[in-house]
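Coordinates in review
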Amino acid sequence: MPIRTVMVVDDSDTDRHFMTTILEGAGYQVIAVGSAEAAGERIRETPPDLVLMDILMPGQDGYQAIRELARSEETRAIPIIICSSKTQPSDRVWGLRQGAREYIMKPVQREELLNKIASLG
């Protein structure tokens with residue numbers, strides 16, 4: 001299934017705006033939300049083709065959200081790419097074990113982001 005709609009989940013207005021600008025410039029439709037809780041609600045209303053998920057957020061963190069999405073019958077087929085400032089190899093391993101397909105460290109690089117998305121589409 002081609003990726004056309006991407007949900008960006010990040011509590012940072014700056015990071016959300018930055019990734020939205022990159023994605024829209026590459027022709028993707030973007031749904032941007034500021035929390036994992038908001039993402040859970042929006043995904044069920046308007047399922048995206050891909051989710052970009054931050055890890056460190058107030059309330060529900062990205063790992064918890066990824067686990068829920070990966071275990072739900074309705075959302076398990078939606079690929080997830082983690083975009084996080086957590087840089088330890090164990091963070092990457094843990095994120096992939098929760099159900100993410102890829103892991104990108106912040107600051108996000110345009111080419112890396114678009115290449116990872118293309119590899120999943």
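Provided above is the structure to which this section pertains.
The present account deals with the structure reproduced in this document.

1. As for the sheet that holds strand β1 (residues 5–9)
Picture the strands of a sheet paired through backbone hydrogen bonds; they go either parallel or antiparallel. The sheet built from 5 strands is open, its strands ordered β2-β1-β3-β4-β5 with parallel pairing. Two strands lie at the open edges of the sheet, namely β2 (29–33) and β5 (102–105), each paired on one side alone. On average, each strand axis in the sheet is tilted by 20° relative to the strand beside it, whichever way the strands run. Two strands pair when backbone bridges link them, and β1 and strand β3 (residues 50–53) are joined in this way by 4 bridges, in the parallel orientation. Bridging across to β3, Met7 finds its partner in Val51.

2. A closer look at unusual backbone geometry
A cis amide bond, omega 0°, links Lys106 with the succeeding residue Pro107. Tracing the sequence through the fold places Pro107 in the loop between β5 and α5 (110–120).

3. Focus on the pattern of salt bridges
Applying the stated criterion across every chain, the model contains 10 salt bridges. Residues Arg76 and Glu73 are paired through a salt bridge, measuring 3.5 Å at the closest nitrogen-oxygen approach. Looking at Glu73, the relative accessible area reads 63%, which means it is exposed. Arg110 is the salt-bridge partner of Glu111, the closest N and O atoms lying 2.6 Å from each other. For Glu111, a relative accessible area of 47% puts it in the partly exposed group. By relative accessible area, which is 42% here, Arg110 ends up partly exposed. Salt bridges sharing partners connect three or more residues here, namely Asp10, Asp15, Asp54 and Lys106.

4. Some remarks on the environment of Lys106
With respect to the helices and strands, Lys106 occurs in the loop between β5 and α5. As a C-alpha pair, Lys106 and Asp54 span 52 residues in sequence and 9.5 Å in three-dimensional space. Here Lys106 is in contact with Asp10, Asp15, Asp54, Cys83, Ser84 and Ser85, once residues within four sequence places are set aside. Here the side chain of Lys106 touches Asp10 through a polar contact of 2.6 Å, side chain to side chain. Side-chain polar atoms of Lys106 contact the side chain of Asp15, separated by 3.0 Å.

5. Regarding the pairing of β3
Burial along β3 is two-sided: the face carrying Leu50 and Leu52 and the face carrying Val51 and Met53 are both buried. Pairing of β3 with strand β4 (residues 80–84) involves 3 bridges; the strand directions are parallel. By the bridge assignment, Val51 is partnered in β4 with Ile80.

Criteria and cut-off values
- Numbering of residues begins from 1 in every chain and follows the order in which that chain's sequence is written.
- Owing to the predicted nature of the model, reporting of local features is limited to residues with pLDDT of at least 70; listing and counting of side-chain atom pairs is limited to 80 or more, with chain, interface and lining totals taken over all residues.
- With hydrogens and water excluded, all non-hydrogen atoms of the structure serve as input to the side-chain values.
- Being paired, for any two strands, means DSSP has found at least two bridges between them.
- Think of it this way: any DSSP run of H or I at least four residues long counts as a helix, any run of E at least two long counts as a strand, and we number them from the N terminus.
- Axis definition: a line fitted to C-alpha atoms, over the contacting stretch in the case of helices. Angles run 0 to 180 degrees between N-to-C directions.
- One side-chain nitrogen of Lys or Arg within 4 Å of one carboxyl oxygen of Asp or Glu is enough to make a salt bridge.
- Summary of the burial criterion: residues with accessible area below 20% of their type's maximum are buried, those above 50% are exposed, and those between are partly exposed, where the area comes from a 1.4 Å probe applied to protein chains only.
- Every residue pair with non-hydrogen atoms within 4.5 Å of one another is taken to be in contact.
- What qualifies as a polar contact is a pair of N or O atoms within 3.5 Å, subject to a donor-acceptor requirement within protein and to the restriction that residues adjacent in sequence count only when both atoms come from side chains.

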